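# Structure assessment
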Amino acid sequence: MTPRPLLFESFDATPTEPEGPGPEWQAGHDAGFEAGREAQRLEAAALSERLVARIEDMAFAHAEARLGLLSGLEPLFETMLDRLLPGLAETVAAVQLRAALMEALQADLAAPLELYLPEAEIDTVRPLLDAMGCDWLTPCPDPRLGPGEAVIRGPSFETHLDTGAMLDTAREALSALCAPKKEKLRHG
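Residues numbered from 1 in each chain as written. Predicted model: local features only at pLDDT ≥ 70, side-chain atom pairs only at ≥ 80, totals over all residues. Heavy atoms only, no water.

## Re the overall build of the chain
What counts is decided by this rule: Helix and strand assignments come from DSSP, with helices taken as H or I runs of at least 4 residues and strands as E runs of at least 2, each series counted from the N terminus. The cut-offs for exposure are 20% and 50% of the maximum accessible area for each residue type, with area from a 1.4 Å probe on protein chains only; residues under the lower value are buried, those over the upper are exposed, and the others partly exposed.
When helices and strands are counted, the chain shows four helices and four strands. Of the regular secondary structure in the chain, the N- to C-terminal order runs α-α-β-α-β-β-β-α. Within the chain, the proportion of its 188 residues that are buried is 20%.

This is the structure we're talking about:
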């Protein structure tokens, strides 16, 4: 049988360990935290760039649609006046009425649209809209919107945009198109 060592109580002062994390842990935590913030900034910048691209596309489509609508409605007004008011079509009143209808339509179409964005994206988007000459589109903050979301409001409509969802849908569609197809083997 082996003798067991004697254990005596120690009355030496025990070294006190500092409370909380040490400097190495704190330095690692700070580095990780900063890396996370930088990743978030890069993601927000990428979402802002995608949103700006969508706004540029919409600005071009809006201008084309407005021009097409104006040129398409003028013959309609002319035909209405010719058929509804046959005796008045040759008079000055018909010409003035046509001009008044066109002027009212142009005034309606010239009403500025409001682009609601998350508050953090307003400062990024405003200079881009100014540079593109989109004075008909006014950026407004909306704290209810998340990154990559936007709402365009006009006098009689509202359009919601979610660039993140649009990109996910496009990514899924491209993945489906590019996925390798399995060949069927014929035995026989």
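Having seen the model, we can carry on.
## Quick look at the pairing of strand E1 (residues 113-117)
Test applied: For two strands to be treated as a pair, DSSP must find at least two bridges joining them. Handedness is read with the strands pointing away from the viewer; a crossover is right-handed when the path from the first strand over the helix to the second is clockwise.
Of all five residues that make up E1, four are buried, and the element is covered over most of its length. Direction of pairing for E1 relative to strand E2 (residues 137-141): parallel, over a ladder of five bridges. Paired with Leu115 across the strands is Pro139, a residue of E2. Tracing the backbone out of E1, into helix H3 (residues 119-132) and back to the parallel element E2 gives a crossover that is right-handed. Bridging between E1 and strand E3 (residues 149-153) involves three bridges; their strand directions are antiparallel. Note that in E3 the partner of Leu115 across the bridge is Ile152.

## Side note on the packing of aromatic side chains
The test is simple: Here is the rule: rings of Phe, Tyr and Trp (six-membered ring for Trp) pair when centre to centre is within 6.5 Å. Planes less than 30 degrees apart are stacked, more than 60 are edge-to-face, and the remainder are tilted. We call a charge positioned over a ring when the NZ of a Lys or the CZ of an Arg lies within 6 Å of the ring centre and within 35 degrees of the ring normal.
Taken as a whole and judged by the stated rule, the model has zero aromatic pairs. Above the face of the Tyr116 ring, Arg153 is positioned so that its terminal group lies 4.2 Å from the ring centre.

## Brief notes about the pairing of E3
Pairing analysis gives five bridges linking E3 to strand E4 (residues 158-162), with the strands arranged antiparallel. For Arg153, the partnering residue across the bridge sits in E4 and is Glu158.

## Concerning the sheet that holds E2
Let me state the cut-off plainly: To obtain an axis, a line is fitted to C-alpha atoms, over the contacting stretch when the element is a helix, and the angle between two such axes runs from 0 to 180 degrees between their N-to-C directions. Contacts are residue-level and defined by heavy atoms, with any inter-residue pair within 4.5 Å sufficient.
Overall, mixed pairing links the four strands, which are arranged E2-E1-E3-E4 in an open sheet. This sheet does not close on itself; its edge strands, each paired only once, are E2 and E4. Adjacent strand axes in the sheet meet at a mean angle of 20° when their direction is disregarded. Set on the sheet, H3 makes contact with E1 and E2; between it and E2 the angle comes to about 165°.

## Notes on the pattern of salt bridges
Under the convention used in this document: Salt-bridge detection follows one rule: a side-chain nitrogen of Lys or Arg within 4 Å of a carboxyl oxygen of Asp or Glu.
A full pass over the atoms with the stated rule returns four salt bridges. The residue Arg41 makes a salt bridge to Glu38 at a minimum N-O spacing of 2.6 Å. You can see Arg41 and its partner Glu38 sitting in helix H1 (residues 23-84), three residues apart, about one turn around the helix. Judged by its relative accessible area of 37%, Glu38 is partly exposed.

## Let's talk about the environment of Arg98
Tracing the chain through its elements places Arg98 in helix H2 (residues 92-109). Along the sequence, Arg98 and Leu81 sit 17 residues apart, while their C-alpha atoms lie 7.9 Å from each other. In this view, Arg98 contacts Glu78 and Leu81; residues no more than four positions away in its chain are not counted.

## A closer look at the nonpolar core
This is how it is decided: Each nonpolar core is a collection of buried residues, namely Ala, Val, Leu, Ile, Met, Phe, Trp, Tyr and Cys, held together in the definition by side-chain atoms within 4.5 Å.
One finds Ile55, Leu115, Leu117, Val125, Leu129 and Leu137 to be the most contacted residues of the largest nonpolar core, which totals 16 residues. Broken down by secondary-structure element, the contributors of at least two residues to this core are H1, E1, H3 and E3. Per-element accounting of this core gives the leading share, four residues, to H1. With near-sequence residues (within four places) excluded, Leu115 lies in contact with Ile55, Val125, Leu129, Leu137, Thr138, Pro139, Cys140, Ala150, Val151 and Ile152.

## Re the environment of Leu129
Here Leu129 lies in helix H3. Setting aside anything within four residues of it in sequence, one finds Leu129 in contact with Ile55, Leu115, Cys134, Leu137 and Pro139.

## Regarding H3
Under the convention used in this document: Expected helix span is computed as 1.5 Å times (number of residues minus one). Bend angle per residue: angle between axes fitted to the 7 residues ending at that residue and the 7 residues starting there.
Across its 14 residues, H3 extends 21 Å between first and last C-alpha, which sits within 8% of the 20 Å expected from 1.5 Å per residue. Along its length, H3 shows its largest kink, about 35°, at Val125, and proline Pro127 lies within four residues downstream of that point. Residues of H3 that are buried: Glu121, Ile122, Val125 and Leu129. In the segment just after H3, Gly133 is the residue with positive phi, at about 75°.

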